[in-house]
Amino acid sequence: MEVSEILGNAEDWYRLPGAPEEQIAILIESAPVELPEELLILLRYSNGGEGELPSAEMAFVLDPVEEIVRSLQGSFERSEFPGLLFFGGDGGGVRFALDIRDKLPWPVVAVDPIAGRESAEIVASSITEFLKSVGRAVDEKHA
């Protein structure tokens, strides 16, 4: 699978150099579940980065592997939000996570860490749907 098949518009993605395989291996080992292949491919391509989301008020800022691993190894997010695997944010206060408490495919939720778990809102039915929306223009009718 190619990055162009994962991201909605790879040309509009602000890319950082990809994560080395050693870091990907640490992430895989640290994760409580088997991570979606799309997330691993994106991290190999861009260890952090950002792109616009169709929602006028949101962007997607991908966390670098080191930050994802840190959140899996005992951070505030892990203790306060069990069952959520954080992988990015909107560049402000909202964090994006996979809700791994249920069966595959896991939905992507947006969470305001200050507001708590009750603020979790599904923004995509899967990481595939979520990443395909990156770089898509805001629908003028709904803006």
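Here, every reference points to the structure presented above.
Model, not experiment: these values are computed from the prediction.

Cut-off values and rules
- Residues numbered from 1 in each chain as written.
- Predicted model: local features only at pLDDT ≥ 70, side-chain atom pairs only at ≥ 80, totals over all residues.
- Heavy atoms only, no water.
- Patch = residues over 30% accessible without salt bridge, like charges linked within 9 Å, V, L, I, M, F, W, Y side chains within 5 Å.
- Areas by Shrake-Rupley, 256 points an atom, 1.4 Å probe, with all protein chains shown as cover.
- Salt bridge = Lys/Arg side-chain N within 4 Å of Asp/Glu carboxyl O.
- Lys, Arg positive; Asp, Glu negative; His and termini not counted.
- Charge placed at Lys NZ, Arg CZ, Asp CG, Glu CD.
- Helix = DSSP H or I, 4+ residues; strand = E, 2+ residues; numbered from the N terminus.
- Pairing = 2+ DSSP bridges.
- Contact = heavy atoms within 4.5 Å.
- Axes fitted to C-alpha atoms, helices over the stretch in contact; angles between N-to-C directions.
- Buried < 20%, exposed > 50% of the residue type's maximum accessible area, 1.4 Å probe, protein only.
- Polar contact = N/O pair within 3.5 Å; in protein donor to acceptor, adjacent residues only side chain to side chain.
- Parallel < 35°, antiparallel > 145°, perpendicular 65-115°, else oblique.
- Left-handed = near helix turned anticlockwise from the far one by under 90°.
- Nonpolar A, V, L, I, M, F, W, Y, C, P; charged D, E, K, R; others polar.

A. Layout of a negative patch on the surface. A contiguous patch of negative charge on the surface is contributed by Glu11, Asp12, Glu50 and Glu52. If you trace the backbone, glutamate 50 turns up in strand S2 (residues 49–52).

B. Fine view of the sheet that holds strand S3 (residues 59–62). In spatial order, the strands read S1-S2-S3-S4-S5-S6-S7; together these seven strands make up an open sheet with antiparallel pairing. In this open sheet, the two strands that pair with only one neighbour each are strand S1 (14–15) and strand S7 (121–124). Alignment of S3 against strand S4 (residues 84–89), held across two bridges, turns out to be antiparallel. Its bridge partner being in S4, valine 61 is matched across the sheet by glycine 89. Where helix H3 (residues 37–45) meets the sheet, its contacts fall on S1, S3 and S4, and the angle it forms with S3 comes to roughly 75°. Sheet strands touched by helix H4 (residues 65–72): S4 and strand S5 (95–99). Its angle to S4, the strand with the most contacts, is close to 150°.

C. Structural detail: the side chain of serine 71. Mapped onto the elements, serine 71 comes out in helix H4. By relative accessible area, which is 10% here, serine 71 ends up buried. Here isoleucine 68 takes part through its backbone oxygen, which lies 2.9 Å from a polar atom of the side chain of serine 71.

D. Local environment of the pattern of salt bridges. According to the stated counting rule, one finds four salt bridges in the structure shown. Between arginine 44 and glutamate 21 there is a salt bridge, and its shortest N-O distance comes to 2.6 Å. Within this pair, whereas arginine 44 is found in helix H3, its partner glutamate 21 is found in helix H2 (residues 21–30), the two being separated by 23 residues in sequence. Look at glutamate 21 and you get partly exposed, because its relative accessible area is 43%. One salt bridge connects glutamate 37 with arginine 44, and the closest N-O pair in it is separated by 3.8 Å. The class for glutamate 37 is partly exposed, based on a relative accessible area of 43%. One network of salt bridges, in which partners are shared, links Glu21, Glu37 and Arg44.

E. Quick look at H3. For H3, every residue scored as buried is listed here: Glu38, Leu39, Leu40, Ile41, Leu42 and Leu43. Against helix H1 (3–6), H2, S3, H4, S4 and helix H6 (127–133) lie the buried residues of H3.

F. How the structure looks around the packing of H2 against H4. Contact geometry for H2 and H4: axes closest at 10 Å, N-to-C directions at 20°. Overall, the two elements H2 and H4 adopt an arrangement that is roughly parallel. Crossing of H2 over H4 shows left-handed handedness. Residues Gln23, Ile24, Ile26, Leu27 and Ser30 of H2 lie in contact with H4, whose contacting residues are Val65, Glu66, Ile68, Val69 and Leu72. For the contact of H2 with H4, the per-class residue count stands at seven nonpolar, two polar and one charged.

These figures come from the coordinates and say nothing about function on their own.
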